[in-house]
Amino acid sequence: MMAFKPVKNRGGFSPSARRHATQLDAIGVDFLHRRNGDGSTSRKSGGRLYAEPSLGELPDFDGFYSLGDVGGKYRIVASSDARGRFVDRGDAGSEAFNFPALGFFGKGKGAVSKLTTLGTVPNFDGRACYQFNLDLFTTRNGKSLTPYSSAFACAPHNEYMLTNYHGGRVLEVEGEPVFQFATSFMNVMTGGEFAGQHSPIYMIHTKDGATIGDIIVKENQIQAAPRVAHLGPSRRVMMCITLWPTYSPTIAPTSATPGLYFQDSLDGGRHWNLTSALDSVFGDGLDQLKAACGAWTPAKAVVWNKAVQGARLTTYQPQPNTDVFVAVCPYAANVSGTLTAMGRVKLGKRDPMTGQFVVASTLYDGTIEQAVTFAGSGGIEFYRDGAAGVLLFVRPVTGTEWGEPRAVIWTDGESHSYIGAMPMANQFTGIVTAAARRELLCPMFDGQFSLYGSTDGLQWSRRATISPVGTPPNAADHDLALQNFGQITLLRNDNFPAILTPSAPWASDYRRSND
């Protein structure tokens, strides 16, 4: 009796491709490829059999998505299991997206955004601030991008535009689960008694429309876009960034400019209150910044602004009610007689009893650019060797960081250890994400855009082809991360919306809803 070899599905199920793969097995050649009449593909590789469906046979909703540039246009590729080969889902156009990656929106959708320059609006000093239209697009299946929302956003005078996205959290609001996607940015008010004032914005999108949180604003202070960290499904901490004017004259009370101030919210960003919980983390650096800069001048403002705009706060929740943080804390110092923006990268935990953030150690100390470079690859909650903690992926500062691999740190927020390095250089390595508690994913460029998997953060093996074509990394660009197809986003799991934090389900609402 003839024994049939198993046929492995790649990217979905196709009866036709499986049938023809079995027929290929009868041919005495180890490597064969057949394009079937219905568009499906059958393969024989080293004696193993594979079946890939045609585009028409693909399910409406895959699980894993990525976005990249192919021939000057963005393409969305997808896979149901992030194995074998991703399938080209559709043309995302040639829009100038802020971040050329498909972000996690929630409700089984992905999102991208773009900024369109509209002109300028005057701030409280009468100085022109660039105004933008901030457009958000979503997709459920990768075949097309649908306009979702539009808002006005501004950049401070002589400064750059910054937006931050916070997607896919489900909140408990008066006992009801409410989907929320939020965007934080800065706008300059026009008209009325607040005309010209810089205002941080936290815009919340729900099924009932958009709501702006009641953020506390500092009068006549130049604000950059705030940075927001998540502490579980509903709690937020906002870092508000205040700048010095790089021009003169000004009515800004520069002697009272805080540099950074913090607010927290317990209801997903609807209501905010000032908090001192991070004073122990950022306070010493801000004191040094103010002392080193002294009285305001437009020249010193350049150093001040560079320092505070380099501030970062990233939080992780490796266990319920356990928050680990990494912060880039700005300060200034005279280096060889030159006032220089500096930064320390601090690691620690949030005390669940007092709510205070407690520093455990300083991972790096250098210029603010170096500190941001060191900490800029992020991390992920992970369960390793029987312990819950965080894997941090940092870039040792050498001057040629783009051509060297990231170091891997394991930490519980109190102690930390360097445990190894990523297998490829920064410019060939994308963002590490999770598919499950003990399953990590990372796009890498190995001659084509490939997806690698790991169960420990150290040993990585190739598991899929994201795209065989696309704009490859250019060594001359000195990129610190893979720019094209550099992020895999898990949007749906068994045709239900996936959660934002698969490796830490308690950090975002894990209930499965198909609304």
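This one's a predicted model, so the numbers in the text were calculated from it and none came from an experiment.

How each quantity is defined
- Counting restarts for each chain, with residues numbered from 1 along the sequence as it is written.
- Predicted model: local features are reported for residues with pLDDT of at least 70 only, side-chain atom pairs are reported and counted for 80 or more only, and whole-chain, interface and lining totals are derived from all residues.
- Hydrogens and water molecules were not included; the side-chain quantities draw on all heavy atoms of the structure.
- The way it works is that DSSP assigns letters per residue, a run of H or I at least four long becomes a helix, a run of E at least two long becomes a strand, and they are numbered from the N terminus.
- Relative accessible area decides the class of each residue, using a 1.4 Å probe on protein chains only: under 20% of the type maximum gives buried, over 50% gives exposed, and in between gives partly exposed.
- What makes two residues a contact is simply this: any of their non-hydrogen atoms within 4.5 Å.
- Both cavities and pockets are sets of points on a 1 Å grid over the protein atoms alone; in a cavity a 1.4 Å probe fits but cannot get out, in a pocket the set is open with protein on both sides within 12 Å along at least five of seven lines, and lining residues sit with an atom within 4 Å of a point.
- Grid points are joined across faces, edges and corners, and a volume is the space filled by probe spheres set on the points.
- Under this grouping Gly is polar, as are all residues other than the nonpolar Ala, Val, Leu, Ile, Met, Phe, Trp, Tyr, Cys and Pro and the charged Asp, Glu, Lys and Arg.
- Each nonpolar core is a collection of buried residues, namely Ala, Val, Leu, Ile, Met, Phe, Trp, Tyr and Cys, held together in the definition by side-chain atoms within 4.5 Å.
- What makes two strands pair is DSSP finding at least two bridges between them.
- Pairing of aromatic rings covers Phe, Tyr and the six-membered ring of Trp, with a centre-to-centre limit of 6.5 Å; geometry is then stacked below 30 degrees between planes, edge-to-face above 60, and tilted otherwise.
- A ring is scored as having a charge over it whenever the NZ atom of a lysine or the CZ atom of an arginine sits within 6 Å of its centre and within 35 degrees of its normal.
- What a helix should span is 1.5 Å times the count of its residues minus one.
- Within this analysis, the arc is defined by the directions that extend from the helix axis to the C-beta atoms.
- Helix axes use the C-alpha atoms of the stretch in contact, all axes being lines fitted to C-alpha atoms, and the angles between their N-to-C directions lie in the range 0 to 180 degrees.
- For classification, angles of less than 35 degrees are called roughly parallel, those exceeding 145 degrees roughly antiparallel, those between 65 and 115 degrees roughly perpendicular, and all remaining angles oblique.
- By definition, a salt bridge exists where a carboxyl oxygen of Asp or Glu is found within 4 Å of a side-chain nitrogen of Lys or Arg.

Undergrad: Please give an account of the overall build of the protein chain that cites residues and values.
TA: Across its full length, the protein chain carries four helices and 36 strands. Counting all 515 residues of the protein chain, 54% fall into the buried class. Across the protein chain, the fraction of contacts at a sequence separation of at least 24, relative to all contacts at a separation of at least 6, is 52%.

Undergrad: Describe empty space enclosed by the protein, and please don't skip the residues or the numbers.
TA: Going through the model one piece at a time under the given rule, you end up with four cavities of 30 Å³ or more. Put simply, the largest cavity is a space of about 60 Å³. Residue lining of the largest cavity: 10 residues in total, with Leu 134, Leu 136, Ser 149, Thr 183 and His 205 positioned closest to the centre. Secondary structure elements with two or more residues in the lining of the largest cavity: β11 (128–139), β12 (146–154), β14 (176–188) and β15 (198–206). Among the elements that line the lining of the largest cavity, the one with the most residues is β11, at three residues. Broken down by class, the residue content of the lining of the largest cavity amounts to six nonpolar, three polar and one charged.

Undergrad: So what's going on with the nonpolar core? Which residues, and what values?
TA: Ranked by internal contacts, the top residues of the largest apolar core, which has 51 residues, are Leu 260, Phe 282 and Leu 392. In terms of residue count, the dominant contributor to this core is strand β23 (residues 322–335) (seven residues). Discounting chain neighbours no more than four positions away, the residues touching Leu 260 are Met 239, Cys 240, Ile 241, Thr 242, Phe 282, Leu 286, Val 308, Ala 311 and Pro 330.

Undergrad: Can you explain the pairing of strand β31 (residues 439–445)? Please cite residues and give values.
TA: Moving residue by residue along a regular strand, the side chains alternate between the two faces of the sheet. Of all seven residues making up β31, six are buried, and the element is well covered by its neighbours. Of the strand pairs in this sheet, strand β30 (residues 433–436) and β31 are connected by three bridges, and their pairing is antiparallel. Looking at the pairing, Ala 434 lines up with Leu 440 of β31. Hairpin connection, β30 to β31: the antiparallel pair is bridged by two residues. Taking the residues that link successive antiparallel strands as the turn, the β31-strand β32 (residues 449–454) hairpin has three residues, and the phi of Gly 447 there is positive, at about 110 degrees.

Undergrad: Tell me about the packing of aromatic side chains, and please be specific about residues and values.
TA: The final tally for this structure, using the stated rule, is nine aromatic pairs. Between Phe 105 and Tyr 148 the ring centres are 5.0 Å apart and the planes differ by 75 degrees, which places this aromatic pair in the edge-to-face class. Separated by 43 residues along the polypeptide, Phe 105 in strand β9 (residues 103–106) and Tyr 148 in strand β12 bring together distant segments of the chain. Grouping aromatic residues by their ring pairs yields a cluster made of Phe 428, Phe 445, Phe 449 and Phe 485. Lying over the aromatic face of Tyr 261, Lys 218 brings its terminal NZ or CZ to 4.9 Å of the ring centre.

Undergrad: Which residues make up helix α2 (residues 279–293), and what values do they have?
TA: Over its 15 residues, α2 extends 20 Å from the first C-alpha to the last, a length consistent with the 21 Å expected when each residue adds 1.5 Å. Burial in α2 covers these residues: Val 281, Phe 282, Gly 285, Leu 286, Leu 289 and Cys 293. The buried residues of α2 occupy an angular sector of 105 degrees when projected down its axis, which confines them to one face. Residues of α2 that are exposed and point more than 90 degrees away from the buried face comprise Asp 287 and Ala 291. Among the residues trailing α2, Gly 294 stands out with phi positive, at a value near 65 degrees.

Undergrad: For the packing of α2 against helix α3 (residues 298–309), give the residues involved together with the corresponding values.
TA: One way to put it is that α2 packs onto α3 with a least axis distance of 11 Å and a crossing angle of 170 degrees. With respect to each other, α2 and α3 are oriented roughly antiparallel. Across from Leu 289, Lys 290 and Cys 293 in α2, the residues of α3 making contact are Lys 300, Trp 304, Ala 307 and Val 308. Across the contact of α2 with α3, the residue classes break down as five nonpolar, no polar and two charged.

Undergrad: Help me get a handle on the pairing of β32, residues and values and all.
TA: Most of β32 is tucked away, with six of its six residues classed as buried. Where β31 and β32 come together, six bridges link them in antiparallel fashion. Bridging from a neighbouring strand, Cys 442 pairs with Tyr 452 of β32. As paired elements, β32 and strand β33 (residues 461–467) share five bridges and run antiparallel to each other.

Undergrad: Before we move on, can you summarise the sheet that holds β11 with the specific residues and values?
TA: Taking strand neighbours across the sheet as the criterion, the four strands line up as β9-β10-β11-β12 in an open arrangement whose pairing is antiparallel. Single-partner strands in this sheet number two, and they are β9 and β12. Pairwise comparison of adjacent strand axes, ignoring direction, gives a mean angle of 40 degrees for this sheet. Summarising the sheet, β11 and β12 pair through eight bridges and their orientation is antiparallel. Within β12, the residue paired with Leu 134 across the bridge is Ala 151.

Undergrad: Break down the pattern of salt bridges for me, with residues and values.
TA: Summed over the entire model, instances satisfying the criterion amount to 10 salt bridges. Arg 350 is the partner of Asp 323 in a salt bridge, and the nearest nitrogen-oxygen pair spans 3.3 Å. Here Asp 323 is found in strand β23, whereas its partner Arg 350 is found in strand β24 (residues 338–350), with 27 residues between them in sequence. When sorted by exposure, Asp 323 lands in the same class as Arg 350, which is buried. A salt bridge links Glu 414 to Lys 349; the nearest nitrogen and oxygen atoms lie 3.5 Å apart. Of this pair, Glu 414 sits in the loop between β28 (405–411) and β29 (416–425) while Lys 349 is found in strand β24, placing the two residues 65 residues apart along the sequence. According to the relative accessible area criterion, Glu 414 is exposed, its value standing at 55%.

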